[in-house]
Amino acid sequence: MNEGFLVLGWVVYFYLHSLLAATSVKAFFANKFALTSPCVYRFGYNVIGLTGILLLFYFQIIMPSNILFKPGIIAICISVCLMLTGLIIMIVAIRNYDWKSFIGISEEKIYALVIAGMNQYVRHPLYSGTMLLVSGFFVWQPYFKNLLLMILMWIYLAIGIFYEEQKLVNLYGDVYKNYQKKVKKMIPFIW
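Presented here is an overview of the structure given in this document.

**Regarding the overall build of the protein**
Check the secondary structure of the protein and you find eight helices and zero strands. Counting from the amino terminus, the protein carries its helices and strands in the arrangement α-α-α-α-α-α-α-α. Here the C-alpha coordinates of the protein stretch approximately 50 × 40 × 25 Å along the principal axes. Accessible surface, the protein: about 12,100 Å² in total, of which carbon and sulfur atoms supply 73%. Between the centroid of the 15 positive side chains of the protein and the centroid of its 7 negative side chains there is a distance of 4 Å.

Structure (structure tokens):
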């Protein structure tokens, strides 16, 4: 039963996170509340998102759940490697982005498509890093609730990539379509 509430919480969070990121919703709030700067919306979006994810992770950690297997030293080593690799990928990948506009403290600008750094290997390195991090967390703490989180995160990221790719094709056109042909989504040379 506990896992059901946790799954519901994650599904609602993922839905709201995507809904509030939609261009039409941003425009609605900009018109409704006369937001003169898009960074006001972006900053609020990030505050809501960070608060929600911290609360969900808190409940994820404290909620009791059945353990699926007892991790031995090999599983712990694998989990540490997965989590560290995921974190490193995310840290290296974030260098390709304007983090000030990302968090909403400066105006968001449209830049040329970046295909350097991690983006030369995969189109969505932040998602790749997230998948590795969450997978490593499950191997380290193999509870049923963490398996559900891993599966939900994989599904959410796959859906998110689909919609993000549509936005990027609309924004960059043929440049992005050519990039799609050359570089895989998540795993170099595979997916």
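From this point, the discussion proceeds with the structure in view.
**Digging into the packing of helix 4 (residues 73-94) against helix 6 (residues 125-140)**
Helices that pack against each other are described as a pair by the angle of their axes relative to one another and the distance between those axes. One way to put it is that helix 4 packs onto helix 6 with a least axis distance of 7 Å and a crossing angle of 160 degrees. By the angle between their axes, helix 4 is roughly antiparallel relative to helix 6. Crossing hand, helix 4 versus helix 6: left-handed. Across the interface between the two elements, Ala 75, Ile 78, Ser 79, Leu 82, Met 83, Thr 85, Gly 86, Leu 87, Ile 89, Met 90, Ala 93 and Ile 94 of helix 4 pack against Pro 125, Leu 126, Gly 129, Thr 130, Leu 132, Leu 133, Ser 135, Gly 136, Phe 137, Val 139 and Trp 140 of helix 6. Tallied by class, residues from the contact of helix 4 with helix 6 come to 16 nonpolar, seven polar and no charged.

**Considering helix 7 (residues 144-172)**
Side chains three or four residues apart in an α-helix point the same way, a direct result of the helix having 3.6 residues per turn. For helix 7, with 29 residues, the first-to-last C-alpha span of 41 Å sits near the 42 Å given by 1.5 Å per residue. The complete set of buried residues in helix 7 reads Lys 145, Asn 146, Leu 149, Met 150, Leu 152, Met 153, Tyr 156, Leu 157, Gly 160, Ile 161, Glu 165 and Leu 168. One or two steps after helix 7, the chain reaches Gly 173, where phi turns positive at roughly 60 degrees.

**Describing the side chain of His 124**
Among the structural elements, His 124 can be located in the loop between helix 5 (99-103) and helix 6. His 124 sits in the buried class, given a relative accessible area of 4%. Apart from the residues lying within four places of it in its own chain, the contact partners of His 124 are Ile 161, Glu 164, Glu 165, Leu 168, Tyr 176, Lys 185 and Met 186.

**Topic: the pattern of salt bridges**
A full pass over the atoms with the stated rule returns one salt bridge. Across the salt bridge formed by Glu 165 and Arg 123, the nearest N and O atoms sit 2.9 Å from each other. Taken together, the positions of Glu 165 in helix 7 and Arg 123 in the loop between helix 5 and helix 6 put the pair 42 residues apart, joining distant regions of the chain. Residue Glu 165 is classed as buried on the basis of its relative accessible area of 7%. Judged by relative accessible area, which is 9%, Arg 123 ranks as buried.

**Notes on the packing of helix 1 (residues 2-21) against helix 7**
For the pair helix 1 and helix 7, interaxial distance at closest approach is 10 Å and the crossing angle is 15 degrees. Of the possible angle classes, the one that applies to helix 1 and helix 7 is roughly parallel. In terms of crossing hand, the pair formed by helix 1 and helix 7 is right-handed. Residue-level inspection shows Glu 3, Leu 6, Val 7, Trp 10, Val 11, Phe 14, His 17, Ser 18 and Ala 21 of helix 1 in contact with helix 7, the latter providing Phe 144, Lys 145, Leu 148, Leu 149, Leu 152, Met 153, Tyr 156 and Lys 167.

**Observations concerning the environment of Lys 145**
Looking at the element boundaries, Lys 145 is found in helix 7. Discounting chain neighbours no more than four positions away, the residues touching Lys 145 are Glu 3, Leu 6, Gln 60, Ile 61, Ile 62, Met 63 and Ser 65.

Parameters at a glance
Residues numbered from 1 in each chain as written. Predicted model: local features only at pLDDT ≥ 70, side-chain atom pairs only at ≥ 80, totals over all residues. Heavy atoms only, no water. Helix = DSSP H or I, 4+ residues; strand = E, 2+ residues; numbered from the N terminus. Areas by Shrake-Rupley, 256 points an atom, 1.4 Å probe, with all protein chains shown as cover. Lys, Arg positive; Asp, Glu negative; His and termini not counted. Charge placed at Lys NZ, Arg CZ, Asp CG, Glu CD. Axes fitted to C-alpha atoms, helices over the stretch in contact; angles between N-to-C directions. Parallel < 35°, antiparallel > 145°, perpendicular 65-115°, else oblique. Left-handed = near helix turned anticlockwise from the far one by under 90°. Contact = heavy atoms within 4.5 Å. Nonpolar A, V, L, I, M, F, W, Y, C, P; charged D, E, K, R; others polar. Expected span 1.5 Å × (residues − 1). Buried < 20%, exposed > 50% of the residue type's maximum accessible area, 1.4 Å probe, protein only. Salt bridge = Lys/Arg side-chain N within 4 Å of Asp/Glu carboxyl O.

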